[in-house]
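As a plain string of letters, each chain reads:
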Amino acid sequence: MGNAQSVKPSVTSIISYEEALSRITGEEYEHLQTSFDELLGFPDRDSFVSKAFLGFPEKFSEQLYKVFAPYNHLSLERLLVGLVIMIRGTRQEKLQLLFYSMSSDGSKVSQEDMKSCLVSWGIEIPRNIDILFTVSDACSFEHFLKWVEKFSPNLGVYDWILENDGYGFICRGVRAFQTYHQFLAEQASFTEKQVTALEKHYIKLRKLFSRSKRFDLDAMYQCLHPLYTHEFSQRFFHAFDLNKDGTIDCRELVIGLSAILEGEDSFAKFVFDMFDEDGSGVLQPDEVENFTRMISTFCLVTDSLKLDDTLPEGTIPVSEFVHWCNNSLSMYKFLSHLKNIVYIVFGVKPDLTFNIIRQWMEMEANMNLITGKMYYIANNEWFKGSGGIVNNSDILAPGQANGHKPVPSITTEGGTLRRGLLQGVDYQIISQVLWCTLEDWYGCDTAICRRARLTPNGNVILELFPLKLNFYKQPRPARVALEALNAPPINFQSSIEFNAVSDIPRHVLSYVGVFYSDDTLSSVIEFLSTKLKLGREDLRLWKMLTNQKLTLLDETEEKTLDSLGIQHSNNILIEIRNTDMSWPEEVMNIVTQNRDIDRRAPTARVNGTTGLNNLGNTCFMNSSIQCLSNTRALTVYFLKGLHQKELSQNNPDSLNGLLALRYGTLVKNLWSCSSRTIAPLKMRWTVAKFAPQFSGFGQHDAQELLDFLLDGLHEDLNRITTKPYTPLNDSDNRSDLEVSVEFWSNHVSRNRSIIVDLFHGQLKSTLKCCTCGFTSVTFDPFSFLSLPLPENENVIIEVFVVRLDPVNKTTQYCLWLNNEYTLNHVRKRLIAKIPAIKHLLFVDVEDSAVKRIIGINEPLHNINFPLYAFELPGEGAQPDDYVVVYSRHYATIDKYFFDWQHRQVNLFGTPFIVPSTPDPETSQSATIQERIRIYLVKMYGFDDDFIDNLMFNINIKKVKQGGRDCCLCPWKELCYGHKLMDDPDLGDCGYLTVDWSSAVVHLIRQYDDDVTILQDSSVKEAKQRQSQPVDLSLCLKGFTKEEEIAEWYCSRCRSHKNAIKKLDIWKLPPFLIIHLKRFSFQGGKWVKCKRTVSFQDSFDPSPFLVQSSQVSLSDRMRTESVTHKTVLVENDGGDDYDEVSIASMDDDEVMNSNNRNPLESTKDSLSYIANSMKSNNISKKCNDMRPFYDLYAVTAHTGQIGGGHYVAFAMNPNRQWYYYNDSQVKKTTKKRVLSEPAYILFYERRNLRLDDLLPNYGDMDRYGDTHFDYDASIIMKDVLESAHRTEKKSCVVQ
């Protein structure tokens, strides 16, 4: 018989699902089902422990999960059965659940498993547990049940389950806490409803007028401008700002508004506070003078107020000022102004609203429009009525009445106005402040907003009829098209037919928006990118002539919409870059072969500035190709067709010549100046064919792709078809020159191509045995110098210092320290910076609670930063001398599984410390409570009256370190903490919580946002030091420094030994490629080094060359003439490719319509590049050994691994630097190039002669004395001639 498969224990083995349903009500089932759906989501173990069994010990919950979800899947049925057993099961059923949680198969429990479970639950193992296992190592449930009934062992949390039957699924009454709005209403003369409305209006004003996201003085001035002066705004703000923190919160606003409206005395005190600058409660003579002066000029549109009563002389206390105000007629007029501000600006609705509105409109009518400010248009008929919704339908153009908006507006300007309207007859112009209030009081159907602008004749007008534009978007990224593009057709056929994309809608009307004719295109793109939450370079705009015919709007110049020909009701396409960095329009145009796309710029194109379309995360390929294409000697080689004469047909290591032919065609198109962009499809397919690691949509390394290109081109163009065997002889104490020549001869006997001529150099590798001293020297070729980036031994140590006195605000410090130091070094540095601090406690704070206290001897590399450092009382403070205080509040939730879970505990804010040493005349608890009160007053800036009220709404409780559980009661008591005042002293408890009631927690969070964290100057200094660039010379030093390696085979010792290895640069190529090794594999994953490398546009690498290697350049050039090898590449039979033999690779058939002769285009490109190489009085010989190199291209990488982006920078033959971002190519500056996060640097040696670099075939033109120098006049002539001969195309597929 076979062994039966063991069955995992489950709750449904104890009672059935039907039985469990019978024990609960329908209401309880519905509540449980809703909680399961909304709380658990994906019901795995983590959600079971943290949500379903929130409040239980974690280890106990994990054990129960095995019984609730025996096959690692939690269902509603099993959860219901398990909860019913725990809550309403019999004693035997509950014990069976406990037994199953310890058993692996449900039949027996081993002694080891039982002890392990009990220990993990924090239960002391019962003394008589061995009785269960006297007969066997495992006991059955029957034996376990008898043992429990006989001995009643301590089962910890399970004892609580056995003893309690009252916890159900439905909460039996939730304590009703006073709400925040009720609390504020009690402090002011407003109702709860009015406070709620005021808060909403306050938030609206803050969003509209605050640049700092807080209601500060600038926001107040923007609300009152231009009717009231800046000085009035400043003093008005001062009276509201009770805690003088430069910000008005909602509570301060409610109290201030109440003071103005409540009565004469409170109004007079408010005015007094406006001028009591020092808060002394007495107006000094200068403050009285300020009051007298400002009261006559506070409003810019009314007659001056003259004080009808003389103020008392000298200082004026508040009582005298109140008495004077109550008897002053002029102050009554001043009060009416303040009340109007309360009503109109802050939205407090009065009884006679229309009178107030008309008074305010009369004031606004006397003010001139302000350029750039937004105003609202309101139907004049509404102001003649008696209220109701503000209806603008009568003044809107036909088709827009009743606010019908089938397409959402992305701007706030509203609908189109009817022509022929008259101001004052048909409509009124009102301020944004007034409109916000009307909207709150009455509501509106359509808000019509317009901007004031300056006309050429100097008048400021409201542009009533701005440009209303229709904005389209692609419905989704062109994923189907991309997948098709990345799957090459059979035999690389040039025709591209993808039926799968024909059903995809190209463009969908998504928004309408209103802009102005003098808006610049750049400002529109900036607005849209902000509104749509997109990166600035992830968005482009197209003008849609038809759904298929588009024109790219070029923003390289600051042009207005008017100058771009954008008119009312034009259709604009918002193109959003795909996550793989491709542009949807480019992909779809390639797929559909759309000829109607127009991407012409207003300026003539320059040879070599053609972009490459991103085909789905192909920026790594595009950037590498652009840099390689700007290696001018290599480009001339391909443009002259020399590669066709050197295709290596019989080389077994070649790629059948396909890569060389494909790259040659691509270079011809890049330099022909015949198209704006090219879709390098066939290049992509060719690369993927021979290097499958670069296929698909993944991100790849640009250096690895470049390495593949150089190696593949070399093998395709290798002049050596039969590679001889070349033994590597040891140096054997021979001279370096002799050995290097031997190694180089061996190398070129197997590898001889244009790639070797241009890019290959030689490294000297020295290995010295650490045991016998034997030295081995070899000379190896290289095409890249892969330089390591020096690692920083120092790291930024971020610490937030929390002081005992909150007047000294929490301050962020950043220290630049060695990672091997201990925390004691941090302590010394901080105490040196803050002499007042004597002792610090370092803690790791997570979720507003102390996660762990860290000793000062802890190494920095073991610590997760940032840390919090609490100032302790006294130099030698002990744990009994202070207490850590948390801020906590309770949230009532509707979805839960056990009764007590409806009350959720939440910690917020930063913990703080208060001394616990009692005062002589009071108890320790009373002393601590008073110190906490004082701390809160200082930290939040509460006024004394408010804090007195506040202390009645908070409780201070003793808790554990985590801040959520009582430090005195066992878990089963479900206690959140004992009140501090219930005991005279603190006892062993070191942590307290301030439990805020729901009445004030909303306000506390507002204050908490206002509690600023100061930044010490060390933050900026440390970050500057961290971001300080490392010089390229240090990378070269790191490359050539000695290092010890293990397991090197020493030929003298005849065994593997440790050795010292050193690399030296022996010979540099004409074109030097430097690879900065930013990516490394650490801790099982790839990471990127973000250090900035400082490099120059020219440098001398001679300090890093071995001095004895100074041989003439002619020694590294070819010593034999090149054998003429003509390879037929023309195929009259068509464009099909033979996978074995070399056939035509011409791509012209897949280009868009091109009237330009390809041969003529190639000649122009050659002429353009060649003319840039003519020299003035430069030596014709190439034996000048000063190895100066000039930068000509850079590949840069931004972002993280897996989500970054490659771009290229290259210097054109016209000496202008260009920025290549896939299809986007534009001019840039050398300064920007040198500041980019470089990944690959391309350098060109000075004074190189083209004739010495290119092979000499008798039937090809020579360039004689042509050098790599520049003649701008010849260049521009060539560019202009080329531009006139060239008809620009939209996109080339090649």
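The structure we're discussing is the one just above.
Definitions and cut-offs
Per-chain numbering applies: the sequence of each chain, read as written, is numbered from 1 onward. Restriction of local features to residues with pLDDT of at least 70 applies here, the model being predicted, together with a cutoff of 80 or more for giving and counting side-chain atom pairs; totals for whole chains, interfaces and linings are based on all residues. Computation of side-chain values covers all heavy atoms of the structure but excludes hydrogens and water. In these notes, a set of buried Ala, Val, Leu, Ile, Met, Phe, Trp, Tyr and Cys residues joined through side-chain atoms within 4.5 Å is what counts as a nonpolar core. Buried, partly exposed and exposed residues are distinguished by accessible area as a fraction of the type maximum, computed with a 1.4 Å probe on protein chains only: under 20%, between the cut-offs, and over 50%, respectively. The contact rule is simple, with two residues in contact once any of their heavy atoms fall within 4.5 Å. One requirement defines pairing of two strands: DSSP has to find at least two bridges between them. Helix numbering and strand numbering both begin at the N terminus, where a helix is a DSSP run of H or I of at least 4 residues and a strand a DSSP run of E of at least 2. Note on geometry: axes are lines fitted to C-alpha atoms, helical ones only across the stretch in contact, with angles between N-to-C directions running from 0 to 180 degrees. For classification purposes, an angle smaller than 35 degrees is called roughly parallel, one larger than 145 roughly antiparallel, one from 65 to 115 roughly perpendicular, and anything else oblique. Handedness of each helix crossing follows the sense of rotation of the near helix against the far helix: counterclockwise by less than a right angle gives left-handed, clockwise gives right-handed.

1. A look at the nonpolar core
Core analysis: the largest hydrophobic core is formed by 78 residues, its most contacted members being Y228, F232, F236, F334, L338, I341 and F346. Setting aside anything within four residues of it in sequence, one finds F346 in contact with L198, H201, L205, F215, M220, F236, L253, L257 and I341.

2. Observations concerning the sheet that holds strand β29 (residues 1014-1015)
One open sheet accounts for six strands, arranged β22-β21-β23-β19-β20-β29; its pairing is mixed. Whereas interior strands pair on both sides, the edge strands pair on one side only; in this sheet they are β22 (849-854) and β29. Here strand β19 (residues 794-802) pairs with strand β23 (residues 867-871) via four bridges, running parallel. For V799, the partnering residue across the bridge sits in β23 and is L867. Of the strands in this sheet, β19, β20 (811-818) and β29 touch helix α37 (residues 1017-1027), which is tilted by about 35° from β20.

3. Examining the packing of helix α15 (residues 264-275) against helix α17 (residues 318-326)
Between α15 and α17, the least distance of the axes is 9 Å, while the angle of their chain directions is 120°. Here α17 runs oblique to α15, going by the angle between their axes. For the pair α15 and α17, the sense of crossing is right-handed. Taking contact as the criterion, the partners of E264, D265, A268, K269, V271 and F272 in α15 are, on α17, V318, F321, V322, C325 and N326.

4. A look at the pairing of β20
With eight of eight residues buried, β20 is to be regarded as a mostly interior element. Direction of pairing for β19 relative to β20: antiparallel, over a ladder of eight bridges. Opposite V799, over in β20, you have Y813 as the bridge partner. Taken together, the two bridges between β20 and β29 define a ladder with parallel strand orientation. Each bridged residue has a counterpart across the sheet, and for T811 the counterpart in β29 is L1014.

5. Focus on unusual backbone geometry
Going from H225 to P226, the amide bond is cis rather than trans, its omega being 5°. Position of P226 relative to the elements: it lies in the loop between α12 (217-224) and α13 (230-240). Between F865 and the following residue, P866, the backbone shows a cis peptide bond with an omega angle of 10°. Looking at where P866 falls in the secondary structure, it is placed in the loop between β22 and β23. A positive phi is found at S848, a non-glycine position, where the angle reads about 65°. Along the chain, the position of S848 falls in the loop between β21 (840-846) and β22. Residue S848 is classed as buried on the basis of its relative accessible area, which comes to 16%. At R1215, a residue that is not glycine, the phi angle is positive and equals roughly 70°. Topologically, R1215 is positioned in the loop between β39 (1205-1211) and β40 (1217-1221).

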